[in-house]
Each structure stands twice: as C-alpha cells, then as structure tokens.
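Listed here are the chains, written in short residue letters.
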Amino acid sequence: MEECVNFASSVGYRKITLWTQSILAAARHIYQKAGFRLVEEKANRQFGKALLSQTWELDLTESGVGRVAGRDGRT
C-alpha cells in the first residue's frame, strides 16, 4: 500500500479508488490505516453469496496526504 500511494502521489494522481467486499476485514484495515475513506456500499451477489461491496477513496490533494510513512516513521 505504501508503494502504491507514494507512486500515485509522485506522478500527480489526485485520487485513488479501491473496490472490495465488506467481508475482507484485513484489506479494509489496510485501507483505513493508509487514510482511505469509505465512500459507498452496495449489496450485491457475487461468488455465490450475498455480499456488501465497498468503494474506498484516498484524496491525494488534501494537506498531509499522499505519502505513507515507512516502517521507520519517515515519509
């Protein structure tokens, strides 16, 4: 996630959008930790199950957003 966000910011992307399913708790945790915000949820039926799809966004134009700190705490 760190590499993805840093690359997108460095080449001038203004926003990153991710799509996932609500049952993928580990993935959602990663998105939240990186600063993504849940912007939409929709019921759907995929993979033979009733699911809740989610769209997450990270606005790279906000002050202080666009670089993810590495393990050593530096950006």
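Everything that follows concerns the structure shown earlier in this document.
Residues numbered from 1 in each chain as written. Predicted model: local features only at pLDDT ≥ 70, side-chain atom pairs only at ≥ 80, totals over all residues. Heavy atoms only, no water.

(A) Representation of the environment of Thr 20 within the structure. Residue position: Thr 20 is located in strand E1 (residues 15-21). Among the residues examined, Thr 20 registers a relative accessible area of 5% and is labelled buried. The spacing of Thr 20 and Gln 54 is 34 residues in sequence and 5.3 Å in space, taken between C-alpha atoms. Here Thr 20 is in contact with Ala 27, Arg 28, Tyr 31, Leu 52, Ser 53, Gln 54 and Trp 56, once residues within four sequence places are set aside. (Helix = DSSP H or I, 4+ residues; strand = E, 2+ residues; numbered from the N terminus. Buried < 20%, exposed > 50% of the residue type's maximum accessible area, 1.4 Å probe, protein only. Contact = heavy atoms within 4.5 Å.)

(B) Quick look at the nonpolar core. Listed in full, the ten residues of the largest apolar core are Val 5, Ala 8, Ile 16, Leu 18, Tyr 31, Ala 34, Phe 36, Trp 56, Leu 58 and Leu 60. Sorting the residues of this core by element identifies helix H1 (2-10), E1 and strand E3 (49-59) as the ones contributing at least two each. (Core = buried A, V, L, I, M, F, W, Y, C linked by side-chain atoms within 4.5 Å.)

(C) Representation of the sheet that holds E3 within the structure. An order of E1-E3-E2 is seen for the three strands of this open sheet, with the pairing classed as antiparallel. Each end of this open sheet is capped by a strand with a single partner; those strands are E1 and strand E2 (37-46). Direction aside, neighbouring strands of the sheet carry axes that sit 20 degrees apart on average. Of the pairings in the sheet, the one linking E1 to E3 comprises seven bridges and is antiparallel in character. From the neighbouring strand, Thr 17 faces E3, where its bridge partner is Glu 57. Packing of helix H2 (residues 25-33) onto the sheet brings it into contact with E1 and E3, and relative to E1 it is tilted by some 160 degrees. (Pairing = 2+ DSSP bridges. Axes fitted to C-alpha atoms, helices over the stretch in contact; angles between N-to-C directions.)

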